[in-house]
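Examination of the molecular architecture
One letter stands for each residue in the lines below.
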Amino acid sequence: MLGCSRVGRIRADVELFPRQAGGALPCSLWGVFRGPRGKPVPVLLLYDFSPSLMQAAGGVSMAKTLLKIQRYFRRKPVRFFSLILLYLTAGSLVFLHAGFIGESGPGGRRRRDNAVASGNPNSLSDARGLGVIRRGFKDRSGRRYGPPWMKKTGEERQEAARRGGDYATNWNRALKGRNAKEVDDGRAKYIGCYIDDTKRRALRGASFYDYKKMTVFRCQDNCAERGYMYAGLEFGAECYCGHKIQAPNASESECNMDCKGEKSNLCGGANRLSIYRLELSQESARRYGSAIFKGCFRRPANVSLALPFSAVIQNMSVDKCVDMCTEKEKSLAVLSGDRCHCGYPSPLFSLHEPENEDVCVHRCQGEEFENCGNDEYFVVYQTQVQDKRCMDRHFLSVRAKHLVALASFPGAGNTWTRHLIELATGFYTGSYYFDGSLYNKGFKGERDNWRSGRTICIKTHESGRKEIEAYDSSILVIRNPYKALMAEFNRKYGGHIGFASQAHWRGKEWPEFVKNYAPWWASHTVDWLTYGKNVHVVHFEDLKKDLFSKLKEMVQFLGLKVSEDRLLCVEGQKEGNFKRSGLRKLEYDPYTPEMRANIDKQIIIVDAALRKRTMSGIPQEYMPR
C-alpha cells in the first residue's frame, strides 16, 4: 500500500497535508487555517482520503472543490457554526427519541425488569435514567386515569392506537347487515310502508340524505337522538323524522329498494317510506322541527306576568307560534287555542307539574294533525332561542380558602355535573387534570392549577387517603356501575362523546376492563366516604330525575345563594356539549354472569358504606336482584 505523500502549499493561509490513519483507510486530508494573527488552526476537510486518489488526476480537482468550500465558510463563519449546531441538535433529538422508544416499548420494559432481576446497578441506573427523561417530558394533558394498581404498558398503547381508528366507521361496520325488521328489540318497531308526497311529507320533522352509506339503524339513531317518535326511509338513501304519520298506508311491495349502506335491508321506495316507531328513552326530548316539545301544563294564575307577550294567530299551528316566539327572542312558545304566548320558565310557570296530554287535545285550526291546547291547558314548546339568564360564568373574585372536590368514578357523569354547577352558580369549575377538548368547549377553569382557589369546585377521579384529605369538603357523584363502566369504556376507546368499536367490546379489552375497574368503582366510593371531610352524596340517576331540587341542594352545599330563575334556565340548557347519546345501544348484553356476580358484590359493599355514614343507600333500581 502506498504511503501518504505531502500535498504542497496551495495558499498562503491554507496548507493541506495528509495524516496517517492506519488500517484499510490510510489517510485523512487536513487543512491548516491561518487565523487573523497567523496562528495555525487545523481543520479536518476530508476523512479517509486515499493517497492513490491524491496521486490521480482527479486529486487536484477535489482539492480545488474543498478549497472553494473552505473559502465560503471563511467568508460566512456564522453559517458554518450554525450548521454544526444544527447537526449536534439533531443528533441529540435522535438520541432522546431512541430513549423514549426503548423505555416505553416492550423491549424497554423487559430491559428494566431484567436489570432489577439481575441486580446490576449500572443497568438499573440506565433504565431509571430513561424513565426520568420520559417523566420530565410527560405532558399533563396526556394523563389518563385508571385504577391505582393499573399501569398501561407501551405495548398496550401501541395496540390501542393500531386498533382504535374512527369509532363511527367501526360502529357502522359492526352494524352492517343487521336485520332491522326483527321483532321489537327495545329500540324501534317496524310500522309499515307509507305514501310520501314531496309537497306534503308524511313525516315533517328533520331529514337528511346519504346516497352511499344510509342504513336503517343510522336513520333510527339520528331521529331518536333528536327526540322524534318516527323514523322513515325512502329511495334507499333518504331519512325523514316526525311525531305523526300524516299519510296513508301503501302496499309492502312498494317499499322495495335496498339501503345504500346495507343491501340486506329495505329503505322504502320511490315516494314510499319504510317507517319505524322509536322507543325513546325517558330523557329523550320530543321535537317538532327545531322546537322541543315540553308537555301539557295548566294555565298559570297570572298569565300576563308569567308569559309577558301574547297574540292571536289566524289558522294557528305549532310552526306559527314557534316562529313568532323565536322572532321575539323568547325560549318558550305556548299554545292555547288560537292564542300564542311567549316567555321564559319562571317560578310562576316552572313546567314542573305536567298534566296528562289528553287534556290538551284540541286540534289547531291551521294543521289538523297538531294539538294547540285550550284556555285552561297549554301546549308548550321550547324554541331554539337560548335562555341567557344562566350563561354568564366567571372565576371567583376572591380566592377560596377551602377546596371543594367534585369527585366521581370515571364515567359517572362528572363533566355533565360540572356543566350544571357552572350554569347554576355562574362560576367556573376546576380540574385536577387538564383536558384541552374540555377547555375548548368552555370549561375555562380546566387550565387553572387545581389549588388556585379561583374555581367553585375541582373535578377529580382520584382515590386514596392522601389525595382525598387535600380537600376541605366534597360532592361525591355515584352512578350505577353497569352504566358507569360502559360509559368509561366508551370514553377510553371512543373519546368523550364517542363509542368503543364492536371489536373492542367483543375483544379481550372489555373483560380485562371490567375485571380491573369494577373493584375500583367500589373502592373509590368507599375511600371518599371513609377519608372525605363533609361529603355530600349525589346519585347520578336522582340528578337526572329531579334536576331542579338536586342541583339546588348542591348550590346550597357550595355556600351560595340559590337563584330559582337561574336553576329554571339550567333545565332548558341541561344537555351541554359533552353528553353521549344513550340511544346507540349494543345489540347484546356485554356483561357475563361472572361479571355481574363481581359487580353485584361491589354494589353491596358501597351500599353498606353509605349506610354506615347514616346516608340513604344505593338506589333500588340497580341493587342486585
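Only a predicted model underlies this, so the values are computations on that prediction, with no experimental measurement involved.

1. A short note on the pattern of salt bridges
Pairs can form between side chains of opposite charge once their charged atoms are near each other. The full count for this structure, using the stated rule, is 17 salt bridges. The partner of Glu 446 in a salt bridge is Arg 418, with the nearest N and O atoms 2.8 Å apart. Within this pair, whereas Glu 446 is found in the loop between α12 (436-440) and β19 (458-460), its partner Arg 418 is found in helix α11 (residues 414-425), the two being separated by 28 residues in sequence. Pair check on accessibility: Glu 446 and Arg 418 agree, each one buried. Among the salt bridges present, the one from Asp 448 reaches Arg 454, with a minimum N-O distance of 2.7 Å. Asp 448 gets classed as buried once you look at its relative accessible area, which sits at 12%. Overlapping salt bridges bring together Asp 196, Arg 201 and Glu 234 as one network.

2. Considerations on the sheet that holds β19
Spatially, the five strands line up as an open sheet ordered β18-β19-β17-β20-β21, and their pairing is parallel. Each of the sheet's edge strands pairs with one partner strand only, and the pair in question is β18 (430-431) and β21 (535-539). Both strand β20 (residues 473-478) and β21 contribute to a ladder of five bridges, which runs parallel. Bridge assignment links Val 477 to a residue of β21, and that residue is Val 538. Across the sheet, helix α16 (residues 509-531) is in contact with β17 (404-408), β19, β20 and β21; its angle to β20 comes to roughly 155°.

3. What about the state of the cysteines?
According to the stated counting rule, one finds nine disulfides in the structure shown. Here Cys 321 pairs with Cys 340 through a disulfide, and the sulfurs are 2.0 Å apart. The chirality of the disulfide connecting Cys 321 with Cys 340 is right-handed, given an S-S dihedral of about 80°. Taken as a pair, Cys 321 in helix α10 (residues 318-327) and Cys 340 in strand β13 (residues 339-343) lie far apart in primary sequence, 19 residues in all. A sulfur-sulfur distance of 2.0 Å marks the disulfide that ties Cys 325 to Cys 342. The disulfide joining Cys 325 to Cys 342 has a torsion of about -80° about its S-S bond and is therefore left-handed. A residue pair is termed long-range when its members are at least 10 positions apart, and Cys 325 in helix α10 and Cys 342 in strand β13 qualify at 17 residues.

4. Details of the nonpolar core
Membership of the largest hydrophobic core comes to 39 residues, with the highest contact counts inside it found for Leu 485 and Trp 510. Mapped by element, the contributors of at least two residues to this core are β17, β20, α14 (481-494), α16, β21 and α20 (593-612). No other element matches α16, which puts 10 residues into this core. Each residue touching Trp 510, except ones within four places of it in the same chain, is listed here: Leu 485, Met 486, Phe 489, His 504, Trp 505, Pro 590, Tyr 591 and Met 595. With 27 residues, the next largest nonpolar core counts Leu 406, Trp 416, Ile 421 and Ala 424 among its residues.

5. Some words on the side chain of Ser 331
Inspection of the secondary structure assignment puts Ser 331 in the loop between α10 and β12 (332-336). Residue classification places Ser 331 among the buried residues on the basis of a relative accessible area of 5%. Discounting chain neighbours no more than four positions away, the residues touching Ser 331 are Gly 343, Tyr 344, Pro 345, Tyr 381, Gln 382, Thr 383, Val 385 and Asp 387.

6. Some remarks on the packing of α11 against helix α19 (residues 564-572)
Packing of α11 against α19 brings their axes to within 8 Å, and their N-to-C directions diverge by 145°. By crossing handedness, the relation of α11 to α19 is classed as right-handed. Between α11, through Leu 420, Glu 422, Leu 423, Ala 424 and Thr 425, and α19, the contact on the second element is made entirely by Arg 566, Leu 567 and Val 570. For the contact of α11 with α19, the per-class residue count stands at five nonpolar, one polar and two charged.

7. Comments concerning the confidence of the model for the chain
Residues at a pLDDT of 70 or more form 69% of the chain, whose mean pLDDT is 77. In this model, residues 97-143 is a region of pLDDT below 50 whose contacts with residues beyond four sequence positions or in other chains number 40 contacts. Here residues 151-186 is modelled with pLDDT under 50, and outside its nearest four sequence neighbours on either side it reaches 60 contacts, counting other chains as well.

8. Side note on the sheet that holds strand β4 (residues 188-195)
In sheet architecture, strand pairing relies on hydrogen bonds along the backbone and comes in two forms, parallel and antiparallel. Spatial ordering of the open sheet is given by β4-β8-β6-β7-β5, a layout of five strands whose pairing is antiparallel. Edge strands, defined here as strands with exactly one partner in the open sheet, are β4 and β5 (207-209). Each adjacent strand pair in this sheet contributes to an overall mean axis angle of 20°, direction not counted. In this fold helix α8 (residues 216-225) packs onto β4, β5, β6 (230-234), β7 (238-242) and β8 (272-278), with an angle of close to 140° to the strand it touches most, β6.

9. Considering the environment of Arg 299
One can find Arg 299 in the loop between β10 (291-298) and α9 (303-306). Look at Arg 299 and you get partly exposed, because its relative accessible area is 39%. Taking the C-alpha atoms as reference points, Arg 299 and Asp 375, separated by 76 residues in sequence, lie 7.4 Å from one another. Look past the residues within four positions of Arg 299 in its chain and what remains in contact with it is Asp 375, Glu 376 and Phe 378. Polar side-chain contacts of Arg 299 include one of 3.3 Å to the backbone oxygen of Asp 375.

10. As for α16
The end-to-end C-alpha distance of α16, which contains 23 residues, comes to 32 Å, matching closely the 33 Å that a straight helix rising 1.5 Å per residue would cover. Maximum bend of α16: about 25°, positioned at Lys 515, with proline Pro 519 one to four residues after it.

11. Looking at unusual backbone geometry
Glycine aside, residues mostly have negative phi, and peptide bonds are mostly found in the trans state. For Asn 315, which is not glycine, the phi dihedral falls at a positive 50°. Turning to its location among the elements, Asn 315 is positioned in the loop between β11 (309-312) and α10. In this structure, Thr 614 takes a positive phi of about 55° despite not being glycine. Relative to the assigned elements, Thr 614 resides in the segment after α20.

12. With respect to the packing of α16 against α20
Across the interface, α16 lies against α20 with an axial gap of 9 Å and an inter-helix angle of 5°. When the axes of α16 and α20 are compared, the pair comes out roughly parallel. Every residue of α20 that contacts α16 at Trp 510, Pro 511, Val 514, Ala 518, Pro 519, Trp 521, Ala 522, Thr 525, Val 526 and Leu 529 is listed here: Met 595, Asn 598, Ile 599, Gln 602, Ile 603, Ile 605, Val 606, Ala 609 and Leu 610. Here the residues of the contact of α16 with α20 are counted per class, giving 16 nonpolar, three polar and no charged.

Reading guide: rules and limits
- Residues numbered from 1 in each chain as written.
- Predicted model: local features only at pLDDT ≥ 70, side-chain atom pairs only at ≥ 80, totals over all residues.
- Heavy atoms only, no water.
- Salt bridge = Lys/Arg side-chain N within 4 Å of Asp/Glu carboxyl O.
- Helix = DSSP H or I, 4+ residues; strand = E, 2+ residues; numbered from the N terminus.
- Buried < 20%, exposed > 50% of the residue type's maximum accessible area, 1.4 Å probe, protein only.
- Pairing = 2+ DSSP bridges.
- Contact = heavy atoms within 4.5 Å.
- Axes fitted to C-alpha atoms, helices over the stretch in contact; angles between N-to-C directions.
- Disulfide = S-S within 2.5 Å.
- Core = buried A, V, L, I, M, F, W, Y, C linked by side-chain atoms within 4.5 Å.
- Left-handed = near helix turned anticlockwise from the far one by under 90°.
- Nonpolar A, V, L, I, M, F, W, Y, C, P; charged D, E, K, R; others polar.
- pLDDT = per-residue confidence, 0-100.
- Polar contact = N/O pair within 3.5 Å; in protein donor to acceptor, adjacent residues only side chain to side chain.
- Expected span 1.5 Å × (residues − 1).
- Bend = angle between axes of the 7 residues up to and from the residue.
- Parallel < 35°, antiparallel > 145°, perpendicular 65-115°, else oblique.

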